[in-house]
Amino acid sequence: ARDTSDQHSIPVVTMRTTALLLVSLLPAVQAFSTVPCTAECPSPQPVTVFGSGFNGCGKDYMPSTYSQYIEVFNAVTAHTLATAGECMVKDDWQTLSPRQKEEGVVCFTGPFDGHFALGHELPDGQMVMRIITNSEIRPRSSSGFTGSNSPGFYVSTNPATGGFGQPEPAESEKFALYGATLMYLDVNRTTLEVLDIGQAIKHVFTPKKELHNTLIPADASSADVYAILDDYATLNNNIRADQPTPREVSLSDCEAFPEWCGLYAHCGSSYSMKHGHSYASPTTGGVKVDGVGFEDNVAFIAHEGSQGEGGIAGTVQVLDVDTGDQYQLPQLSIGEIENAFAISTGESEHVAVVIMDYGAEGFPEGNVSPISYPTGRSSSYGSRVTLWIGKKDKTSAHFLDRNGLGLNQGRVYVFVADSGVTDTATMLNWPNSSRDCNLFTPTPGRFEPLPTVFDGRFYVDAAPVWTYDVINSLNTLYGNEPVRMTGVASQEWGSRSPSNPGAFAISHTTLSATLNPLPADVDDSRGTVSFYSTQIAAAVASATGAVTARDGSVLPDAITATVDAVMQDEFTWPEREARGVPKGLFKPDGLLYLADGTVISQEDQSTDPVYGFAVHYDPATCTGKPVAAALQRDNNRMTFLGTPPLGAHTENDANELTGAYDVSAALAVGPGYTAEDEFNAFTSKTISVNTQIWNAGNAQPGNCLTDYSLGWGGQMNVITIP
């Protein structure tokens, strides 16, 4: 979900009065079972309420205690795994919350968002499903967050301590981070019991403080550029692009301004295991090619939004899943990042990462209406499709260089249509194609490199060169304008096709906002999903040497790509009509491409109380159906009683389905499994989905989530599609 303003304030007296009222009512509450709904049963079903298990957090509220925040349809079933506020008794050196430390517990932080799952072998040889999930919390001081009540955790400042399999750090090596977390949960693969929880980030690495806004040598390795975090000033939130130094922040500042002292707004995430695309697929010509993909188990964590200054928004972050080392990557983008995910290059020497960067709103010339498009201006802002191509140094001892993610190893490419069209809706023939997918004609194009490569400097000679507005307004190295959602910054998730991993899909979240005039029968918050394929291996083979990374590595001149399909998104179903939902897909946000070629598209709930569906769609037949929806307040499904713990639901909030992942392989693979084993184990039937209770109010004393430093409400469910 995208958020550009502070959360609404809830008076403390309202929350406390509600708490007293609920406690008095709880003994009389009747418990119901959640029954899956079908197309013939569009009315909301009762929600389970666990009597005295409603009101609190802490050791008495183990994972799977609270009732479900979702409803399901069409014979889909759901099992709740974890909810923000649930805890496990555990002595963990990373625990920062005063209340959690006092009680000796580790608790889930909300709101949940992107996540991924893998088969994980414990030291005793037991195979479990390990899920790693984001928290999209923004701990703004203006919303009542302080260092005392903000979510947070400790990391180690010593690379030899604190990581997975390493000894605990000394007290002097512990460094407090406030804000967004990345938590793992280990799940029994038979019973789905949560066996263990903890923090997945053990160390953070950022570009060195002394390199801020300086020209970094082209032959510098990542070991020359990055250092382990021991100073808040080097965090992306404290970059001041227009200043020679970052924002200086001391520990004493963190109580008043926790947003300066940690990680921020973890939105989408994705996972690629080592050589994760080394199996036969159309991307590799139908044969298995060894070594395709990263050299380690890699996850991308999007940093959406920021407190940075001078044209800095979020950034792409990458996690070494095995060690717990996380890196911030301004070379990939410093825009507002929704998610990033790898696609297959079809060969073993390079990596490719699609970056879902919002871009900037409007036009470089100022407030020009989209109706003037495409004349009367030199360029546009607005969301585009962005791709990082990097050359791996497989012999390097450094994680980033080994995986083609170092500052000097690659560059950013953007999608250009062969026809010259530069407006997304025009290219997709949308909204006409939303009514009949056959009204869209596949569109050939290519990814071309941007002329600018990040060299450590955000400004040169007092002029911006690597700020979110500048890099999102650039034409390509060849002077061509990329396809954009004209003037509108609103593309959210994307996802790689497991069966053809050089292909992917992306969500055009508010595509209707680019239409001028807006057709009378199109809601102003409509969007769609489009499907792309790439030919990277051929582009690598034909590279002339005219395009290089800063270190001299030869990169493709351009990469042939095609927009293959667009979703027929003008849905009308009984389940949606029961909520009064207008026809069409509302702000498509979360997205999961499944191995059987279908996708799960999730609506960005925002503050609109009737939406929040997950749609299962088949691009081969242009058909789909709802499989789940977030409980909403307008139909009395999301209530103080039905959405525990106290404080998860308030009168200003909205519940959103977000993040989905096919966990079927993680539930089935054995020790030492390969990418081919993982691919063959995907069933496209067992899907984890998160919810986040968005706009859930400010931090409030007496609110269970605030007292335990857990942010806002969120929940993870596993749904099974028949």
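Up top is the structure.
Residue positions within a chain follow its written sequence, with the count starting from 1. The predicted nature of this model means local features are confined to residues of pLDDT at least 70 and side-chain atom pairs, given and counted, to a pLDDT of 80 or more, with totals for whole chains, interfaces and linings taken over all residues. Derived side-chain values reflect all non-hydrogen atoms in the structure, with water molecules and hydrogen atoms excluded from consideration.

K.L.:
Quick one: what's the story with the overall build of the protein chain, residue by residue and with numbers?
P.N.:
For the purposes of this entry, the term helix denotes a DSSP run of H or I that reaches at least four residues, the term strand denotes a run of E that reaches at least two, and both are numbered from the N terminus. Within the protein chain, the regular secondary structure consists of 11 helices and 34 strands. The long-range fraction of contacts in the protein chain, counting pairs at least 24 apart against all pairs at least 6 apart in sequence, stands at 70%. Computed with the Shrake-Rupley method and a 1.4 Å probe, the accessible areas treat only the protein chains shown as cover for residues. With the model as given, the accessible surface of the protein chain reaches about 22,700 Å², and the carbon-plus-sulfur share is 52%. Only heavy atoms matter for contacts: two residues are in contact if any of them lie within 4.5 Å across the pair.

K.L.:
I'd like a rundown of the nonpolar core, residues and numbers included.
P.N.:
One finds L81, L177, L185 and Y232 to be the most contacted residues of the largest nonpolar core, which totals 63 residues. Broken down by element, the residue count for this core peaks at 5 residues, all from strand 9 (residues 182-187). What we call a nonpolar core is a set of buried Ala, Val, Leu, Ile, Met, Phe, Trp, Tyr and Cys residues that are connected through their side-chain atoms within 4.5 Å. Under the scheme applied here, a residue whose accessible area is under 20% of the maximum for its type counts as buried, over 50% as exposed, and between as partly exposed, the area being computed with a 1.4 Å probe on protein chains only. I239, L405, L450 and V615 belong to the second largest nonpolar core, which has 56 residues in total.

K.L.:
Just give me the short version of the side chain of S344, but keep the residues and values in it.
P.N.:
Structurally, S344 is set in the loop between strand 17 (337-343) and strand 18 (350-357). The exposure class assigned to S344 is buried, which follows from its relative accessible area of 0%. At 3.0 Å, the side chain of S344 forms a polar contact with the backbone nitrogen of G346. Each residue touching S344, except ones within four places of it in the same chain, is listed here: H277, T283, V292, P501, G502 and I536. By the criterion applied in these results, polar contacts are pairs of N or O atoms within 3.5 Å in which, for protein atoms, one can donate a hydrogen and the other can accept it, and in which residues neighboring in sequence qualify only through two side-chain atoms.

K.L.:
Lay out the side chain of S281 in plain terms, naming residues and giving numbers.
P.N.:
Among the secondary structure elements, S281 is positioned in the loop between strand 13 (266-272) and strand 14 (298-303). Setting aside anything within four residues of it in sequence, one finds S281 in contact with G286, V287, S499 and P501.

K.L.:
I'd like a description of the sheet that holds strand 11 (residues 203-207), backed by residues and values.
P.N.:
At least two bridges found by DSSP between two strands are what make those strands a pair. Taken together, 6 strands build an open sheet; the order of strands is 12-11-16-15-14-13 and the sheet is mixed. Pairing within the sheet leaves two strands with one partner each, and these edge strands are strand 12 (226-228) and strand 13. For this sheet the average axis-to-axis angle between neighbouring strands, irrespective of direction, equals 25°. Pairing analysis gives 5 bridges linking strand 13 to strand 14, with the strands arranged antiparallel. Bridge pairing links H266 to H303 in strand 14. Interaxial angle, 0 to 180 degrees, is taken between N-to-C directions of lines fitted to C-alpha atoms, where a helix line uses only the stretch in contact.

K.L.:
Just give me the short version of the pattern of salt bridges, but keep the residues and values in it.
P.N.:
The term salt bridge refers to a side-chain nitrogen of Lys or Arg lying within 4 Å of a carboxyl oxygen of Asp or Glu. Under the defined criterion, the tally for this structure stands at 26 salt bridges. Among the ionic pairs, E309 bridges to R247, the shortest N-O distance being 2.8 Å. Within this pair, whereas E309 is found in the loop between strand 14 and strand 15 (315-320), its partner R247 is found in the loop between strand 12 and strand 13, the two being separated by 62 residues in sequence. Its relative accessible area of 32% is what places E309 among the partly exposed residues. A relative accessible area of 9% means that R247 is categorised as buried. With a shortest N-O distance of 3.9 Å, E349 and K391 are connected by a salt bridge. Linking E349 in the loop between strand 17 and strand 18 with K391 in strand 19 (residues 386-391), this pair joins segments that are 42 residues apart in sequence. Residue classification places K391 among the partly exposed residues on the basis of a relative accessible area of 24%. Overlapping salt bridges, with partners in common, bring together R435, D521, R526, D569, E570 and K583 in one network.

K.L.:
Describe the sheet that holds strand 30 (residues 613-618), and please don't skip the residues or the numbers.
P.N.:
Strand order in the open sheet formed by 5 strands is 1-31-30-29-28, and the pairing between neighbours is antiparallel. Both edges of this open sheet fall to strand 1 (70-72) and strand 28 (588-593), since each of them pairs with a single strand only. Direction aside, the axes of adjacent strands within the sheet are offset by 25° on average. The sheet contact formed by strand 29 (residues 599-603) and strand 30 spans 4 bridges and is antiparallel. Directly across from V599, in strand 30, lies its bridge partner Y617.

K.L.:
Please give an account of the state of the cysteines that cites residues and values.
P.N.:
Each disulfide consists of one covalent bond between the sulfur atoms belonging to two cysteines. Cysteine sulfur pairs qualify as disulfides if the two atoms are within 2.5 Å. Under the criterion given, the structure shown has 4 disulfides. Put simply, C87 and C107 are joined by a disulfide, and their sulfur atoms are 2.1 Å apart. Its S-S torsion of about 100° marks the bond between C87 and C107 as right-handed, since a negative value means left-handed. Taken together, the residues span a long stretch of sequence, with C87 in strand 3 (residues 87-89) and C107 in strand 4 (residues 105-107) at a distance of 20 residues. The burial state of C87 is the same as that of C107; both residues are buried. Residue C254 pairs covalently with C261 via a disulfide, S to S 2.2 Å. The disulfide joining C254 to C261 has a torsion of about -90° about its S-S bond and is therefore left-handed. Accessibility assignment for this pair places C254 and C261 in one class, buried. Taken in N- to C-terminal order, the disulfide-linked cysteines of the protein chain are connected 1-8, 2-3, 4-5, 6-7.

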